[in-house]
Amino acid sequence: MSDYWRNKKVLITGINGFVGGNLAKSLLEHGAEVFGLVRNENKRTFLYHEKLDAKIRIFLGDLCDKELFGRIISEEQINSIFHLAAQVEVGVGMSNPFLTFETNVRGTYSLLEACRLFPSTLESIVIASSDKAYGSYPVERMPYKEDYPLLPQYPYDTSKACGDLIAQSYANDVYNLPIIVTRFCNIYGPGQLNFSAVVPDGFRSALGYSKFVPRSDGSMTRDFLHVDDVSDLYLTMGEGLAKNPTIAGEIFNAGPNEPVSVKDVLKLIFSLANNQKDFDEISKLMENKKTTGEIDYQSMDFDKVNKHFGWSPKIGLKDGLKITLDWFADYLQKQKG
Ligand SMILES: NC(=O)c1ccc[n+]([C@@H]2O[C@H](COP(=O)([O-])OP(=O)(O)OC[C@H]3O[C@@H](n4cnc5c(N)ncnc54)[C@H](O)[C@@H]3O)[C@@H](O)[C@H]2O)c1
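Residues numbered from 1 in each chain as written. Predicted model: local features only at pLDDT ≥ 70, side-chain atom pairs only at ≥ 80, totals over all residues.

1. Quick look at the overall build of the protein
In step 1: Within the protein, the secondary structure is distributed over twelve helices and eleven strands.
In step 2: Rg of the C-alpha trace for the protein: 19 Å, near the compact-globule value of 20 Å for 337 residues, within the 12% margin.
In step 3: Overall, the protein is about 60 × 45 × 40 Å in size when its C-alpha atoms are taken along their principal axes.
In step 4: Burial status across the protein gives 47% buried among its 337 residues.
In step 5: Taking all contacts inside the protein whose residues are at least 6 apart in sequence as the whole, residues at least 24 apart take part in 79%. (Helix = DSSP H or I, 4+ residues; strand = E, 2+ residues; numbered from the N terminus. Rg over C-alpha atoms; globule rule 2.2 N^0.38 Å. Buried ≥ 20, exposed ≤ 12 C-beta atoms within 10 Å, placed from the backbone. Contact = placed C-beta atoms within 7 Å.)

2. What to know about the packing of helix 1 (residues 18–29) against helix 8 (residues 227–243)
In step 1: Interaxial distance between helix 1 and helix 8 falls to 9 Å at its minimum, and their mutual angle equals 60°. Here helix 8 runs oblique to helix 1, going by the angle between their axes. For helix 1 against helix 8, the interelement crossing comes out right-handed. On the side of helix 1, the interface is formed by Phe18, Val19, Asn22, Leu23 and Ser26, while helix 8 contributes Val227, Val230, Ser231, Tyr234 and Leu235.
In step 2: When grouped by side-chain class, the residues that make up the contact of helix 1 with helix 8 number seven nonpolar, three polar and no charged. (Axes fitted to C-alpha atoms, helices over the stretch in contact; angles between N-to-C directions. Parallel < 35°, antiparallel > 145°, perpendicular 65-115°, else oblique. Left-handed = near helix turned anticlockwise from the far one by under 90°. Nonpolar A, V, L, I, M, F, W, Y, C, P; charged D, E, K, R; others polar.)

3. Comments concerning the site of the ligand
In step 1: For the ligand, the set of nearby residues contains 24 residues, the closest of which are Gly14, Gly17, Leu63, Ala85 and Ala86.
In step 2: Among the elements of the structure, helix 1, helix 5 (97–117) and strand 7 (186–188) are those that each provide at least two residues to the shell around the ligand.
In step 3: Sort the elements by how many residues they give to the shell around the ligand and helix 1 lands first, with three residues.
In step 4: Residues that form the shell around the ligand fall into these classes: eleven nonpolar, ten polar and three charged. (Near = placed C-beta within 6 Å.)

4. With respect to the packing of helix 9 (residues 262–272) against helix 10 (residues 276–286)
In step 1: Put simply, helix 9 and helix 10 touch, their axes get as near as 8 Å, and they point 160° apart. In terms of their interaxial angle, helix 9 and helix 10 are classed as roughly antiparallel. The element helix 9 and its partner helix 10 pack so that their crossing is right-handed. Between helix 9, through Lys263, Leu266, Lys267, Phe270 and Ser271, and helix 10, the contact on the second element is made entirely by Gln276, Asp278, Phe279, Ile282 and Met286.

5. Remarks on the sheet that holds strand 10 (residues 251–254)
In step 1: Read from one edge of the open sheet, seven strands run 3-2-1-4-5-6-10, paired in parallel fashion. On the outer flanks of this sheet lie strand 3 (57–60) and strand 10, each paired with one strand and no other. Strand-to-strand twist of the sheet, defined as the mean angle between neighbouring strand axes without regard to direction, takes the value 20°.
In step 2: In terms of strand pairing, strand 4 (residues 80–83) meets strand 5 (residues 124–128) through four bridges, oriented parallel. Among the inter-strand pairings, Phe82 is bridged to a residue of strand 5, identified as Val126. (Pairing = 2+ DSSP bridges.)

Structure representation (structure tokens):
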């Protein structure tokens, strides 16, 4: 990678979350000056566990505070923004759609309004949408393609689709903002502390810190990207957009196009943790268990990002899960002590 990021001023919303913390680490390694919006001072996160908080500038505030964004962008002369903050829990989306829409929709246009008002230093704005924005498509139409219409059914999925379309509308030829939108598959890796997601929940229970309670029969199928691949892709995209603003308004999917069932992911997790006994029990509990409110089958390829940026994923699922196991073993041990 070039030295494009050296001394660039980068704002990450959601920096105290999973992807945001990992991206901050990578940007710091590339010499960027990193700023982050943080809603509360939760210190049991990747950012604090990796002691990155001392190396960045933190602003406390809410995503819907467009005046705060205006101040940060204009006073700090921000060059690049990665918008990652969101209410990401599918279950919370079901129980609290209002919060989910406020955060993921209003939060997105609050940030974009500030970008519209203070665009002069901005070279790239990357908005995280999600594969969930596509909604359900028949298996024969997988992997999703960027030109598929967005057909979300559930609140989280709809909130991401709304933020996604709103972001595209700010990349128009009147505002000329350098925006691209990403729709990635499931991301996993060190620092994912949303324990309603299968990988962290799986590791926590495979390592003996909790009991895994299956929500489904495990047949739901997804693609999984390691967070280091995601950070690498975000850096590549931000630099690519800054150097070639004609790609503003483009959408980019990314996933390995190697879909795996939730049950097979759990099997791998429990086998890496040498815990076959608990997996056998979970397997039994999964039989005939039905879930609602989630898409059955999703997969993503990387054709378009590869064509534009020459990017492809480098970390296979088994290797990525091994790295993740080591991180969770250390993190959970330290949290206990
Ligand atoms: N993790 C995945 O599998 C995945 C896959 C595709 C897309 N995405 C998208 O990537 C982004 C990052 O996901 P993540 O897994 O890191 O999520 P995360 O929950 O770990 O991080 C999100 C962060 O946003 C913050 N936040 C929520 N509401 C806020 C508010 N009102 N004001 C300020 N901050 C607020 C949270 O405190 C949290 O730190 C999200 O936009 C998500 O939709 C994630």
